[in-house]
Amino acid sequence: MKITMNTRTFLLGLTTLAGLGLAALVFSHLGVFGFSGESTPFEKMSEMADFVYAPEPGETLAYRFSLDSESVLSPEIFSAGNSHAPSPAGKNADETKLAMKTSGDLFLKFYPPENKGGNIRVAGAVADYEQTLNDATPIYARAVTYPFVFEMNPKGYLSGFRFTHGIPEEAKSVIWNILYTMQTACPKGKGDTWRTREIDTSGQYQANYSFSPKGGNDREFTVNKVKEKYLKSNAADNDMNPLLRASTVRIEESRAETLVPAKGAWIIKTRLKESTVMESGKKQLGKSDVIFTAERADKQPPTAFAATFGEALSALSSQRWFKEKYSITDSILDKQSRNLDLNDALKVFLDMRKSLASADRRKAEAFMLNYLRLFPKAAFDLIKAMDADPKKERFSHENQLLLWQLIAEAGHEDAQKAVIDAVTNTAYSDLTHMRAMAYVHSFEYPEDFMLDALWNAYGALDKQSSDKTVKELTTMALYAIGGLGSVDKLNDSLKPEVGKSLVENLRKTKDTAEQITLLEAIGNYGGSDVLSQVEPYFSSKDERVRMASFNALRRMDDPAAFDAFTGHYDKETSQNVKSAALKLLPGMTPSEKMMAWSGKEVLTVTEADDQEALTKVLGENMKTWPDNEKHLRALLSKKPSNMVKKTVYRYVAP
């Protein structure tokens, strides 16, 4: 399993557990940790060496874990201009010191394999979780407590991690690291020592295991694990900067001692100390010390696990995280903001925005976003402040657009209500109405009330005069309604309601202009569930309606949508409509069938614009379908226009 991580996850990884993040800078002294218990002669361990994990179906385990980590990072790690990089601590600005402490309860429930002899399936959850990074609680910490699942084979290798939909990568990294640090592999056969190749969030490493002569009995015994060296680093796949791509993780010392049951579900307790250094050539990028412990606890999970693994898996699609994350704020920024009214906060924001340094401008955005989440009602007052500045004396055009964007990014219910209010409130200027309508569909998780609110706004506008601004707002309202259900929105329960409402209004209207706008709004929606209701409009006598019908298909991620596209394209008699349809094709979901059709059609069409549109389809997807090159070279042999040749040469060599 290959774990991909973004920049923020990398920075978290520098300070969490052994094998963390991209570089796993876990640096400490070799330790020997004994567990209490009746001593078992080393010779007797050989008799028990062929052990496997065998949890009972439905068995639940609880562990109490803790981590202490201190890291020192060189400034080169942050040279990619990462806005999430921590500020250097202390007087030495040439290095960044990070201290992390975490603790919590880990609960696991074991389910039988899907097939006989298959992997054991496990549901997990973390509770009573506390984490500080340089004495501040990271903004993602709450997400660590959301459910997850994974698989474990009888030899103890973990794989197949799946998490609650949408939680931050940093939270996933914490969970990965806890479980991978606890991973203790069983031997392949009887013997006192064994060697493994394992993975963690840093890459693939080689580990040596041995039974400890220090302790054990007939029911449990101690296993030593020494991580010897990394064989492959995930940093090679990271494009943050060349130093990281060329970096290696050198393990100076490593030891984990784990108490393992002679027969049982999983480990009893473990203690790890490990020392690693991250290097790039002769340059040391960082070092870290870490101590990790985990031990079984007599506790019950605060929320009961699902009865079946299928139910546990289904629970991961819960939308609960998206609702909660809009109320999570940064503790450091909270201290800066808590005693500021909106005017004071805007002064801080605007002062930082005046800086030419990109880092300061990004800090301004983070500050204002945090303020809008800390004080949700501030979204209403912020819109009023912008409406009161029509001449841009206080807010530049750029800053106004950014503030609207930050209101949408704040995401919570109050922000959405504030924007809807700005759409409908007659006290606001036309400019504010237009801005609000432009951003109303930008919310990541639109609340259910947004759909009715926009339809009400559309109905009210439709009854007003034929004023140009009103007409434009009416069109924007339908586009925004479609956008509420687009594929990138996270409120899955709202999406089908968006589609239903659009086709219902499409069916009712006889007005050609409204039909066109509704079909284009369905294009914003992109759900294939309304395909059958769209198809009758391909038979319209009005070319504009037929063009809009092709537009309605452009985001439908369904083979049937492309079949409808080609079927109606082949029947279409108007060259204008066919050309308009081909311009939409590059935005549709690519498929092998699309490539084959485009390869034939590019040699049939004669209009330069049509050839260019099909060239883009073939060229942009040539890595996946290499045969597309032969179609483009065949087009060149037909001596197309210089404009088309130039487009072809973007994808193939002359």
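Residues numbered from 1 in each chain as written. Predicted model: local features only at pLDDT ≥ 70, side-chain atom pairs only at ≥ 80, totals over all residues. Heavy atoms only, no water.

Some details on the packing of helix α14 (residues 449-462) against helix α15 (residues 468-484)
Now for step 1: Relative to each other, α14 and α15 sit at 160 degrees, their axes nearing to 9 Å. In terms of orientation, α14 lies roughly antiparallel with respect to α15. Crossing of α14 against α15: the hand is left-handed. Counting all contacts with α14, which are made through Met450, Leu451, Leu454, Trp455, Tyr458, Leu461 and Asp462, the residues of α15 involved are Val470, Leu473, Thr474, Ala477, Leu478, Ala480, Ile481 and Leu484.
Now for step 2: Here the contact of α14 with α15 is composed, by residue class, of 13 nonpolar, 1 polar and 1 charged. (Axes fitted to C-alpha atoms, helices over the stretch in contact; angles between N-to-C directions. Helix = DSSP H or I, 4+ residues; strand = E, 2+ residues; numbered from the N terminus. Parallel < 35°, antiparallel > 145°, perpendicular 65-115°, else oblique. Left-handed = near helix turned anticlockwise from the far one by under 90°. Contact = heavy atoms within 4.5 Å. Nonpolar A, V, L, I, M, F, W, Y, C, P; charged D, E, K, R; others polar.)

Things to note about the side chain of Lys325
Now for step 1: Here Lys325 lies in helix α6 (residues 320-325).
Now for step 2: In this structure Lys325 comes out as buried when scored by relative accessible area, which is 18%.
Now for step 3: A distance of 2.8 Å separates polar atoms of two side chains, one belonging to Lys325 and the other to Glu444. (Buried < 20%, exposed > 50% of the residue type's maximum accessible area, 1.4 Å probe, protein only. Polar contact = N/O pair within 3.5 Å; in protein donor to acceptor, adjacent residues only side chain to side chain.)

Re the pairing of strand β4 (residues 148-152)
Now for step 1: Where burial is concerned, most of β4 is hidden: 4 out of the 5 residues are buried.
Now for step 2: Pairing geometry for strand β3 (residues 120-133) and β4, over 5 bridges, is antiparallel. The partner of Ala123 across the bridge, within β4, is Val149.
Now for step 3: The turn joining β4 and strand β5 (residues 158-163), which pair antiparallel and follow one another in sequence, is formed by 5 residues; a positive phi near 95 degrees is taken by Gly156. (Pairing = 2+ DSSP bridges.)

With respect to the packing of aromatic side chains
Remark: the centre distance and the inter-plane angle together describe each pair of aromatic rings, the angle taken between the planes.
Now for step 1: In this structure the tally under the stated criterion is 24 aromatic pairs.
Now for step 2: Measuring from centroid to centroid gives 5.7 Å for Trp455 and Tyr458, while their planes differ by 85 degrees, and the two rings are edge-to-face. Of this pair, Trp455 and Tyr458 are both found in helix α14, 3 residues apart, which corresponds to roughly one turn of the helix.
Now for step 3: Overall, Trp455 belongs to the buried group, its relative accessible area being 14%. (Phe/Tyr/Trp six-rings, centres within 6.5 Å; stacked < 30°, edge-to-face > 60°.)

Description of the packing of helix α10 (residues 378-387) against helix α12 (residues 413-424)
Now for step 1: Between α10 and α12, the least distance of the axes is 8 Å, while the angle of their chain directions is 35 degrees. In the crossing of α10 with α12, the sense of the turn from one axis to the other is right-handed. Contacts from Ala379, Phe380 and Ile383 of α10 reach α12 at Asp414, Ala415, Lys417, Ala418, Val419, Asp421 and Ala422.
Now for step 2: Here the contact of α10 with α12 is composed, by residue class, of 7 nonpolar, no polar and 3 charged.

Concerning the nonpolar core
Nonpolar side chains tend to gather and get buried jointly when the protein is soluble and globular.
Now for step 1: If you look at the biggest cluster of nonpolar residues, it comprises 103 residues, and the most contacted ones within it are Ile383, Leu403, Ile407, Met437, Leu502, Ile522 and Leu585.
Now for step 2: Those residues in contact with Ile522 that lie beyond four places of it in its chain are Leu502, Val503, Leu506, Val530, Val534, Ala552 and Met556. (Core = buried A, V, L, I, M, F, W, Y, C linked by side-chain atoms within 4.5 Å.)

A look at the confidence of the model for the protein chain
Now for step 1: The share of residues in the protein chain with pLDDT of 70 or more is 87%, and the mean pLDDT across the chain is 87.
Now for step 2: Scored below 50 in pLDDT, residues 1-49 shows 204 contacts in the model against residues more than four places distant or in partner chains.
Now for step 3: In this model, residues 80-92 is a region of pLDDT below 50 whose contacts with residues beyond four sequence positions or in other chains number 20 contacts. (pLDDT = per-residue confidence, 0-100.)

Some thoughts on unusual backbone geometry
Now for step 1: Its identity is not glycine, yet Asp128 carries a phi of approximately 50 degrees, on the positive side.
Now for step 2: Along the chain, the position of Asp128 falls in strand β3.
Now for step 3: For Lys392, which is not a glycine, the phi torsion comes out positive at approximately 60 degrees.
Now for step 4: Relative to the helices and strands, Lys392 is located in the loop between α10 and α11 (397-410).
Now for step 5: For Lys392, a relative accessible area of 38% puts it in the partly exposed group.

Some words on the pattern of salt bridges
Proximity of charged atoms lets side chains of opposite charge pair with each other.
Now for step 1: Evaluated as defined, the whole model comprises 31 salt bridges.
Now for step 2: Between Lys495 and Asp492 there is a salt bridge, and its shortest N-O distance comes to 3.4 Å.
Now for step 3: On the accessibility criterion, Lys495 (15% relative accessible area) is buried.
Now for step 4: You can call Asp492 partly exposed: its relative accessible area is 40%.
Now for step 5: As a salt-bridge pair, Arg544 and Asp542 come within 3.0 Å of each other at their nearest N and O atoms.
Now for step 6: A relative accessible area of 21% means that Asp542 is categorised as partly exposed.
Now for step 7: Residues participating in the shared-partner salt-bridge network are Arg64, Asp105, Asp128 and Lys299. (Salt bridge = Lys/Arg side-chain N within 4 Å of Asp/Glu carboxyl O.)

Comments concerning the pairing of strand β9 (residues 248-261)
Now for step 1: For β9, the tally of buried residues reaches 10 of 14 residues, placing the bulk of the element in the interior.
Now for step 2: When strand β8 (residues 220-233) meets β9, the two strands line up antiparallel, connected through 6 bridges. Across the sheet, the residue bridging to Phe221 is Val260, located in β9.
Now for step 3: Pairing between β9 and strand β10 (residues 269-280): 11 bridges, direction antiparallel. Within the sheet, the bridge partner assigned to Val249 lies in β10 and is Met278.

Topic: the environment of Phe161
Now for step 1: Structurally, the position occupied by Phe161 is in strand β5.
Now for step 2: Separated by 15 residues in the primary sequence, Phe161 and Trp176 have C-alpha atoms spaced 7.9 Å apart.

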